[in-house]
Amino acid sequence: RVAPRVEAEQNWLRLDVELDKYAFVLLSQIAGGLDSGGNGSQDWWQRLTRALDLSLMQTQLTGLSPDECTVVANEVNAVAPEISNSAKAPFAPQRLAASTDRALRICFALQASLEAAYASVPALGKALNIDAHAVSVFVEAELRASVLFQVSKLAQMAMQQAKVAAGLPLWTTISAGTGYGRCMFCTALSESWSKSLPAEGAVIFCDEANGDEEIPNLVRGVVVGRDLPVLSHLALRARQLGTVFACTSEFELYSKLRSNVQNGNGVRLTIEASGGARVETISDSELASKSVKEDKGKSTTEAKKTSDPPKLGELSLDGDQVLNAIDIADKSQVAGGKAASSGKLEKFANEIGFKAPKGLAIPFGVMKKAVKGPSFDAALADLKSALESNSKDIEAKARAVRDAVEKCEVPGAILDGIIAGLPNVERVAVRSSANSEDLEKVSGAGLHDSVLGVDIKERKSLQDAILQVWSSMFTLRAVQSRHAAGLPLYEGIAMGVLVQPMASRVGQCYAFIAFSKDAVASNDQAVYIEVCVGLGETLASANEPGTPYRLIVSKDSLDKVTIQSLASFSYGLQDMVGGPKQVRIDYSKERLSTDEAFLRQIAQDVAKVAIGIEKGYGMAMDMEGIVLEQDGGKREVHLVQARPIVEA
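Overview of the structure. Note that the structure is predicted; figures quoted are calculated from it, not measured.

### A word on a nonpolar patch on the surface
Taken together, the side chains of Leu19, Tyr22, Leu26 and Leu61 define a hydrophobic patch exposed on the protein surface, amounting to about 410 Å² of accessible area. Examining the composition of the nonpolar patch, we find that three residues originate from one element, helix H1 (residues 2-35), more than from any other. Mapped onto the secondary structure, Leu19 falls in helix H1.

In structure tokens:
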């Protein structure tokens, strides 16, 4: 019985291999025909979208990312009838650009898997005395022989033409300007911390960045081969430091720019606010003169401002019980600026027209009294030593401190206070509120942990969440941020905690981050907004590959909404029973991507609140929240936090 079944399986595998070969040749011919001309015509678009659909179906049959292939094919087929209709531009081309971004990520995932599988091939080739070039050609040939290579060609073709039709820039500008330094190639931006950076400054090209990294002070420019939210922690940090920064989801475009320069050479990187990116090789003498001019161009006051660490927030360690955030709205020294701001939002809510959850604050003094002991002291000393010696073990040492914190106990009176303070609430968000957040030159966006969907009646879950927030003071990104800013590791640093009810399971949830000014274009007459389906961790941390909905709203006239991009995240963080879970998104069924008028209305709702918050605080503000759409079409804007925009 066994042999016939094995033989049948082998026959199916042979058939699959032959079908893959046939599909490769057929798709190659189709791509060649499309590349020969007719770009943008109705017939060209029909052939391209049909070919892309067929290639995704073939990829699905091979078992490579079958669910993602199905969803992307749904999106392509949904927009295909509208893509050549000029009356549907630029919205329809933007939809296709977002879907092809997802298609390209499927290709990159396979490429990464193949590269990992063949990682030992160069060493094997060397052992067998095979020319290194021949080995690299072998690995590249395996990549290019896959059907997904043809998928990538078709998706790249569709994305580029869709961007042309929509009038979209090829690059996402994080921080515009011109930066000078020596060129450095990295696989990931995080590698820059373990490298010796040149004194003249570095311009880094990296294939990957997760959005949580800190940027070393000597980095003058960054180019990344994946897209990132413009309001992620990494993006905010780049603008604070004045580091020119651009990214793109088109890896081919990134590779072409990178090929213009060589590792170690002096370069000039220019990033335009409109989405242009250029890099040129410069001489060592020109690089040296630019470095000297930069130093001389700074006044004594500016130089001192750059070298001096930012001033920590005020600190009071007297508090030992849970407080209502609204009672400490003007007392950031008690439990941090985020907790105080939460109380202020509660006061503004009715006046401006939004919802603000009731906040409870755990004061600074509680952590300082609860987190102690020999294991914590020893781990903290090890981490401090690793930072001072620039050790490669910093991440492991930071993890050890976190572990020590998470073995401590939260006082029972604190847990009782939270449960009693929110008697009719089932689930809460437990958020950080440190005195080292949102200082001059140091943003708190995405720096520390928030724990969402915590069952308030489960004391252990509540305690674990508070301990996680406390311990997030020692995440690698938080430790690097303080170290880069010249702040102490722990002395004078304290973590308050903000606890708020969760409201996102009431209806359809769209998370947003909004700036009451367009920080990228330095335009204080516009509101800049990024939106995603689900909860907001996707935006702040940028761990999920893809792009958000990017929207700019004029303050003078809220009906003037510019849609810069549509979302392409494969997953959304949905609030579900048992805690938030990653759920795959099909944008062909998502109203934000199919109903342009609805997306514009969401932008206007958020912008109206952002303008009100700016007036209430008397300064440009960075805010986070959700829009809840309930049955019957009722919409509510909920703000969970607001803080001043931190700029260079």
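### Here we look at the sheet that holds strand E9 (residues 360-362)
Ordered by their spatial adjacency, five strands build an open sheet running E8-E9-E12-E10-E11, and the pairing between neighbours is antiparallel. Only two strands of the sheet have a single neighbouring strand rather than two, namely strand E8 (323-324) and strand E11 (450-455). In this sheet, E11 lies alongside strand E10 (residues 427-434) in antiparallel orientation, the contact comprising four bridges. Counted as the bridge partner of Arg431 is Ser450 from E11. Contacting E9 and strand E12 (495-501), helix H17 (residues 412-421) runs over the sheet at an angle of about 175 degrees to E9.

### Some details on unusual backbone geometry
Cis geometry is found at the peptide bond from Ala89 to Pro90, where omega equals 0 degrees. Examined against the element boundaries, Pro90 turns out to sit in the loop between helix H3 (66-79) and helix H4 (91-117). Here the phi dihedral of Asn390 falls at roughly 55 degrees; this positive angle occurs in a residue that is not glycine. Note on placement: Asn390 falls in the loop between helix H15 (374-388) and helix H16 (394-406).

### What about the environment of Ile602?
Inspection of the secondary structure puts Ile602 in helix H22 (residues 596-617). The sequence separation of Ile602 and Pro66 amounts to 536 residues, and the corresponding C-alpha distance is 33 Å. When neighbours within four sequence positions are excluded, Ile602 is seen to be in contact with Leu592, Val627 and Arg635.

### What about the packing of aromatic side chains?
Applying the stated criterion across every chain yields a total of eleven aromatic pairs. Aromatic side chains Tyr549 and Tyr587 sit 6.4 Å apart centroid to centroid with 75 degrees between the ring planes, which places their arrangement in the edge-to-face category. Here Tyr587 lies in the loop between strand E18 (581-584) and helix H21 (591-594) and Tyr549 lies in strand E15 (residues 549-554), a separation of 38 residues in the sequence. Each of the two residues, Tyr549 as well as Tyr587, counts as buried. One aromatic cluster is present, formed by Phe108, Phe185, Phe205, Phe251 and Tyr254 through successive ring pairs. One cation-aromatic arrangement involves Arg591 over Phe598; the distance from NZ or CZ to the ring centre is 4.0 Å.

### What about the pattern of salt bridges?
Here the structure, examined in full by the defined rule, presents 35 salt bridges. When the shortest N-O distance is used, the salt bridge between Arg268 and Glu280 registers 3.2 Å. Placement of Arg268 in strand E6 (residues 266-271) and of Glu280 in strand E7 (residues 277-282) is noted, with a sequence separation of twelve residues between them. For Glu280, a relative accessible area of 34% translates into the label partly exposed. The shortest N-O distance in the salt bridge between Glu636 and Lys634 comes to 3.5 Å. Judged by its relative accessible area of 49%, Lys634 falls in the partly exposed class. Beyond isolated ion pairs, a larger network of salt bridges with shared partners links Arg399, Arg402, Asp403, Glu406, Asp449 and Arg477.

### A word on empty space enclosed by the protein
Applying the stated criterion to the full structure yields two cavities of 30 Å³ or more. Taken as a whole, the largest cavity spans an internal volume of roughly 70 Å³. Around the largest cavity, the lining residues are Glu75, Arg95, Ala98, Ser99, Leu566, Ala567, Tyr587, Ser588 and Ser593. Element by element, the count of residues in the lining of the largest cavity is highest for H4, at three residues. Within the lining of the largest cavity, the residues separate by chemical class into four nonpolar, three polar and two charged.

### Topic: H3
Counted at 1.5 Å a residue, the expected span for H3 with its 14 residues is 20 Å, and the 20 Å between its end C-alpha atoms agrees. Buried residues of H3: Glu68, Cys69, Val71, Val72, Ala73, Glu75, Val76 and Val79, and no others.

### Some points on the pairing of strand E14 (residues 526-533)
Taken across its eight residues, E14 has eight buried, putting it largely inside the fold. Here E14 shows two buried faces, one formed by Ala526, Tyr528, Glu530 and Cys532 and the other by Val527, Ile529, Val531 and Val533. Of the strand pairs in this sheet, strand E13 (residues 508-515) and E14 are connected by five bridges, and their pairing is antiparallel. Bridge pairing links Phe512 to Val531 in E14. Bridge count for E14 against E15 is six bridges, and the pairing is antiparallel. The partner of Val531 across the bridge, within E15, is Tyr549.

### Section: the packing of helix H13 (residues 337-352) against H22
Closest axis-to-axis distance for the H13/H22 pair is 11 Å, and the angle between their directions is 120 degrees. With respect to H22, the axis of H13 lies oblique. The crossing of H13 and H22 is right-handed. Of the residues in H22, those in contact with Ser341, Lys344, Leu345, Phe348 and Ile352 of H13 are Val609, Gly612, Ile613, Gly616 and Tyr617. Grouping the constituent residues of the contact of H13 with H22 by class yields six nonpolar, three polar and one charged.

Calculation rules
Residues numbered from 1 in each chain as written. Predicted model: local features only at pLDDT ≥ 70, side-chain atom pairs only at ≥ 80, totals over all residues. Heavy atoms only, no water. Patch = residues over 30% accessible without salt bridge, like charges linked within 9 Å, V, L, I, M, F, W, Y side chains within 5 Å. Areas by Shrake-Rupley, 256 points an atom, 1.4 Å probe, with all protein chains shown as cover. Salt bridge = Lys/Arg side-chain N within 4 Å of Asp/Glu carboxyl O. Helix = DSSP H or I, 4+ residues; strand = E, 2+ residues; numbered from the N terminus. Pairing = 2+ DSSP bridges. Contact = heavy atoms within 4.5 Å. Axes fitted to C-alpha atoms, helices over the stretch in contact; angles between N-to-C directions. Phe/Tyr/Trp six-rings, centres within 6.5 Å; stacked < 30°, edge-to-face > 60°. Buried < 20%, exposed > 50% of the residue type's maximum accessible area, 1.4 Å probe, protein only. Lys NZ or Arg CZ within 6 Å of the ring centre and 35° of its normal. 1 Å grid on protein atoms, 1.4 Å probe; cavity = no way out; pocket = protein on both sides within 12 Å on 5 of 7 lines; lining within 4 Å. Points joined across faces, edges and corners; volume = space filled by probe spheres on them. Nonpolar A, V, L, I, M, F, W, Y, C, P; charged D, E, K, R; others polar. Expected span 1.5 Å × (residues − 1). Parallel < 35°, antiparallel > 145°, perpendicular 65-115°, else oblique. Left-handed = near helix turned anticlockwise from the far one by under 90°.

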